[in-house]
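Below, each chain spelled out in residue letters.
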Amino acid sequence: MPSLTVDHVTKRYRTGTEALLDVSFTVEPGTVLAVVGHNGAGKSTLLNIVSGLIRPTSGTVTADVGRGRVMWAPQRTMVDWSLTVRQNIELVARLTGTPVAAVDRVLELLDLDKVRSRQAEYISGGQLQRVQIARALVADAAVYVLDEPTAGLDPAAGELVMEHLRGRAAAGSTVLVSSHDLDAVERTASGLVLLDEGRLRAHLPVAEFVRRAGATMKVSVVFAEPMPDTMPDRLARTLPAEWTLTTAPDRAGLAVQVPLATGLRPVLAWLPPELRVQDLSAEKQSLRDVYLARYADRTPAPETETVTVQQ
Ligand SMILES: Nc1ncnc2c1ncn2[C@@H]1O[C@H](COP(=O)(O)OP(=O)(O)OP(=O)(O)O)[C@@H](O)[C@H]1O
Ligand SMILES: [Mg+2]
């Protein structure tokens, strides 16, 4: 049973901006769902609606979490500047009826121990971000919503936070996390929602998204001795459609680009057995690669202008 249903959600801000247009999807418990898309795509709007911070113009969000809670960390800093780091987290623990021991655990998890007594105003940007995340993670929740939690964190801290979120999902929570760090998304998330100008472009398992986006794999082979000079022609003739072949000018090796879904086995089967392989490597396109190739360019193609030169 889905723990979270976003049903035909549209958000029009008072300024007239249509930030979300008829977005629908469901999320199962135990999932880390990454919300991705360009700046201004509507990610924060969506996450703020799911958190209950703002109301949709139309449509509904149903968090079917029983008596469980929804905890959230917004993109914009929301802390009490006059309180210490520890007090900021303790405040949320008290409001949610969470045992104080959880405050110490989360301080340790996010390496905030050394600044625990410092006022929020006097800590670094990354530490502030950690406080925000700590406030979301201190309580047990059925749904966690984190808007770009790793922005501004050092790489080790970012990795740790994403791993921790995966752990919470494995324990049965639902995690919604927006991020521009597509490598981290690929490592951590099970599903992906792609927003584009407020519209839902995709809701798929991450690996499926990468495959459907036309990801390829480049297999590079080095032979023990150069190929016979007739071999490149023979290889080109037997090359399956959709594969691209490049042979080294000295015939010492080749590279073949295949759809990611093809896998390595057909490539090995295609190589004539008389070619002795000395070294082989395969480079798969990542989520980041396919996103940059297919979805990153927000600039519309320029109109073709015809200029007639008067003689
Ligand atoms: N409070 C607001 N009032 C009016 N328009 C807003 C408001 N917040 C966001 N917008 C607009 O709504 C659209 C979606 O913004 P949103 O913050 O949801 O994008 P985002 O995907 O989170 O972007 P980013 O990657 O920069 O965080 C943008 O066009 C933005 O300018
Ligand atoms: Mg945002």
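Here the structure is a predicted model, which is why all the values come from computation and not from measurement. (Residues numbered from 1 in each chain as written. Chains lettered and ligands numbered in written order. Predicted model: local features only at pLDDT ≥ 70, side-chain atom pairs only at ≥ 80, totals over all residues. Heavy atoms only, no water.)

### Some remarks on the coordination of the magnesium ion (ligand 2)
Defined as follows: We call an atom a donor if it is N, O or S and sits within 2.8 Å of the metal, or 3.2 Å for Na, K and Ca. Water is not counted, so some sites may look partial. Where helices and strands are cited, they refer to DSSP runs of H or I of at least four residues and of E of at least two residues respectively, numbered from the N terminus. The buried label applies to any residue whose accessible area, calculated with a 1.4 Å probe on protein chains only, is under 20% of its type's maximum; exposed applies above 50%, and partly exposed to all values in between.
Donor atoms from the polypeptide that bind the magnesium ion (ligand 2) are Ser44 (OG) and Gln75 (OE1), placed at 2.0 to 2.1 Å. Of this pair, Ser44 sits in helix H1 (residues 43-51) while Gln75 sits in the loop between strand S5 (70-73) and helix H2 (85-95), placing them 31 residues apart in sequence. Taking the relative accessible area as the measure of exposure, Gln75 reaches 40% and is therefore partly exposed.

### Observations concerning the site of ligand 1
The following threshold applies: Being near a molecule or strand, for a residue, comes down to having at least one heavy atom within 4 Å of it. A 3.5 Å cut-off defines polar contacts: any pair of N or O atoms within that distance qualifies, except that in protein one atom must be a possible hydrogen donor and the other a possible acceptor, and neighbouring residues in sequence count only when both atoms are side-chain atoms. Only Asp, Glu, Lys and Arg are considered charged in this grouping, and only Ala, Val, Leu, Ile, Met, Phe, Trp, Tyr, Cys and Pro are considered nonpolar; every other residue, Gly among them, is considered polar.
If you check the shell around ligand 1, you find 15 residues, and the closest are Asn39, Gly40, Lys43, Ser44 and Thr45. Take Asn39: an N or O atom from its side chain is 2.9 Å from an oxygen atom of ligand 1. If you tally residues by element for the shell around ligand 1, the top one is H1, at three residues. Here the shell around ligand 1 is composed, by residue class, of three nonpolar, ten polar and two charged.

### A word on the nonpolar core
Here is the rule: Residue types Ala, Val, Leu, Ile, Met, Phe, Trp, Tyr and Cys, when buried and joined through side-chain atoms within 4.5 Å, form a set referred to as a nonpolar core. Where each domain starts and ends follows an automatic or database-derived domain assignment. Whether two residues are in contact is decided by their heavy atoms, any of which lying within 4.5 Å being enough.
The biggest cluster of nonpolar side chains holds 71 residues, and the ones touching the most others in it are Ile89, Leu112 and Leu146. It is helix H4 (residues 125-137) that contributes the most residues to this core, six residues altogether. Both of domain 1 (4-211) and domain 2 (216-284) provide at least three residues apiece to this core. Here Leu112 is in contact with Val85, Ile89, Leu107, Gln127, Arg130, Val131 and Ala134, once residues within four sequence places are set aside. Counting residues in each nonpolar core, the second largest holds 20 residues, with Phe25, Val27, Ala41 and Val65 among its members.

### Notes on the packing of aromatic side chains
Spelled out, the test is: Pairing of aromatic rings covers Phe, Tyr and Trp, the last through its six-membered ring, and needs centres within 6.5 Å; plane angles under 30 degrees mean stacked, over 60 mean edge-to-face, and all others mean tilted.
For the structure on display, the rule yields three aromatic pairs. Considering the side-chain rings of Trp243 and Trp270, the 5.7 Å spacing of their centres and the 75 degrees angle between planes classify their relative orientation as edge-to-face. Here Trp243 is found in the loop between helix H8 (231-238) and strand S11 (244-247), whereas its partner Trp270 is found in helix H9 (residues 265-270), with 27 residues between them in sequence. The exposure class assigned to Trp243 is buried, which follows from its relative accessible area of 12%. Exposure remark for Trp270: the relative accessible area of 12% places this residue in the buried category. Counting every residue linked through ring pairs, the aromatic cluster contains Phe209, Tyr291 and Tyr295.

### Here we look at the confidence of the model for the chain
Basically, it comes down to this: pLDDT expresses, on a scale from 0 to 100, how confident the predictor is about each individual residue.
With 94% of its residues at a pLDDT of at least 70, the chain reaches an overall mean of 91. Low pLDDT, under 50, characterises residues 299-311; the stretch is placed with zero contacts to residues that sit more than four places away or in other chains.

### What about the sheet that holds strand S2 (residues 18-27)?
Heads up, the rule is: Strands were regarded as paired on the criterion that DSSP finds at least two bridges between them. To obtain an axis, a line is fitted to C-alpha atoms, over the contacting stretch when the element is a helix, and the angle between two such axes runs from 0 to 180 degrees between their N-to-C directions.
Spatial strand order, S2-S1-S4: three strands in an open sheet with antiparallel pairing. Of all strands in the sheet, those with a lone pairing partner are S2 and strand S4 (58-63), marking the two edges. Neighbouring strand axes in the sheet, compared pairwise and without regard to direction, differ in orientation by 15 degrees on average.

### Re the pairing of S2
When strand S1 (residues 4-12) meets S2, the two strands line up antiparallel, connected through six bridges. Counted as the bridge partner of Thr5 is Thr26 from S2.

### Overview of H8
The following threshold applies: The reported arc concerns the directions from the helix axis to the C-beta atoms and nothing else.
All of the buried residues in H8 are Met231, Pro232 and Leu235. The buried residues of H8 all sit within an arc of 100 degrees when viewed along its axis, so they share a single face. Seen from the buried face of H8, the exposed residues on the opposite side, beyond 90 degrees, are Asp233 and Arg237. In the core, the buried residues of H8 are packed alongside S11, strand S12 (253-259) and H9.

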